[in-house]
Amino acid sequence: MNKLIKFIAFLIVLAAGASFASAQESKQSTKPAREESAIRELVKKMEAGWNAKDVSREAQLYFEDVDYINSYGTFLKGRNEIAEGHRYIYSTIYKDTTLTLTIEKIRFLRPDAAIVHVFNSLKKIDKTSKGRMTLVVAKEGSEWKIAAQQITSIQESERR
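All values derive from a computational prediction rather than experimental measurement.

Engineer: Hey, could you run me through helix H3 (residues 79-91) in this one?
Structural biologist: Between its terminal C-alpha atoms H3 stretches 19 Å, which fits the 18 Å expected from 13 residues at 1.5 Å a residue. Within H3, burial applies to Arg79, Ile82, Ala83, His86, Ile89 and Tyr90. In a view along the axis of H3, the buried residues occupy a sector of 135°, so they form one face of it. The exposed residues of H3 that point more than 90 degrees off its buried face are Glu84 and Tyr88.

Engineer: Sorry, what's going on with the pattern of salt bridges here?
Structural biologist: A side chain with one charge can pair with a side chain of the opposite charge if their charged atoms come near. On inspection of all chains with the given rule, the structure shows eight salt bridges. Here glutamate 140 and lysine 145 are joined by a salt bridge, their closest N and O atoms 3.0 Å apart. Residue class for glutamate 140 comes out partly exposed when judged on its relative accessible area of 39%. Its relative accessible area of 8% is what places lysine 145 among the buried residues.

Engineer: Is there a simple way to think about the pairing of strand E5 (residues 128-140) in this case?
Structural biologist: Consecutive residues of a regular strand have side chains that alternate between opposite faces of the sheet. In this sheet, E5 lies alongside strand E4 (residues 113-123) in antiparallel orientation, the contact comprising 11 bridges. Residue alanine 113 lies in a different strand from E5, and its bridge partner there is alanine 138. Bridging between E5 and strand E6 (residues 143-154) involves 11 bridges; their strand directions are antiparallel. Counted as the bridge partner of valine 137 is isoleucine 146 from E6. The turn joining E5 and E6, which pair antiparallel and follow one another in sequence, is formed by two residues; a positive phi near 65° is taken by glycine 141.

Engineer: Got a minute to help me understand the packing of aromatic side chains in this structure?
Structural biologist: For any two aromatic rings, the description comes down to two numbers: the centre-to-centre distance and the angle of the planes. Using the criterion set out here, one finds four aromatic pairs in the structure. Ring geometry for tyrosine 62 against tyrosine 68: centres 6.1 Å apart, planes inclined by 70°, an arrangement best described as edge-to-face. We classify tyrosine 62 as buried; its relative accessible area is 2%. Residue tyrosine 68 is classed as buried on the basis of its relative accessible area, which comes to 4%. Each member of the aromatic cluster is reached from another via a ring pair, and the members are Trp50, Tyr90 and Tyr94. Stacked on the ring of tyrosine 90, the Lys or Arg lysine 53 has its end atom at 5.5 Å from the ring centre.

Criteria and cut-off values
- Residues numbered from 1 in each chain as written.
- Predicted model: local features only at pLDDT ≥ 70, side-chain atom pairs only at ≥ 80, totals over all residues.
- Heavy atoms only, no water.
- Helix = DSSP H or I, 4+ residues; strand = E, 2+ residues; numbered from the N terminus.
- Expected span 1.5 Å × (residues − 1).
- Buried < 20%, exposed > 50% of the residue type's maximum accessible area, 1.4 Å probe, protein only.
- Arc of directions from axis to C-beta.
- Salt bridge = Lys/Arg side-chain N within 4 Å of Asp/Glu carboxyl O.
- Pairing = 2+ DSSP bridges.
- Phe/Tyr/Trp six-rings, centres within 6.5 Å; stacked < 30°, edge-to-face > 60°.
- Lys NZ or Arg CZ within 6 Å of the ring centre and 35° of its normal.

Coordinates in, geometry out; function isn't part of it.
Structural data, given as structure tokens:
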């Protein structure tokens, strides 16, 4: 009888352990989906900020010391330089533009850092230019922000 009680206790502990492991696995499998969703929301906010020409809303999406290379190859260092540059282009060459961003791939480097490849389409009044941007994003507290961004224009001859 003593062996039977020990065996039943062993089975209960084993079942509890399996249940705990299953719950932990389930939690971990939802975490990347939740984090991916948050990254997708970050990209939507980028698009909305551009289309509203809202420099201050956009600036909050970047780390203070962000590295940013625009489609012309200009290297901007920090959130303030990006804000100044966007303030200028929103009142001049990109005044009447609409940006559409489509995430092509998110690759997690760690649970709190990812590389995001984004296809972009910038519509001016009578012309649309296309490009790709690569974002390095990381978590700051519970919020995802952009640590680095590089934009590459797609030349007309290379479009498919």
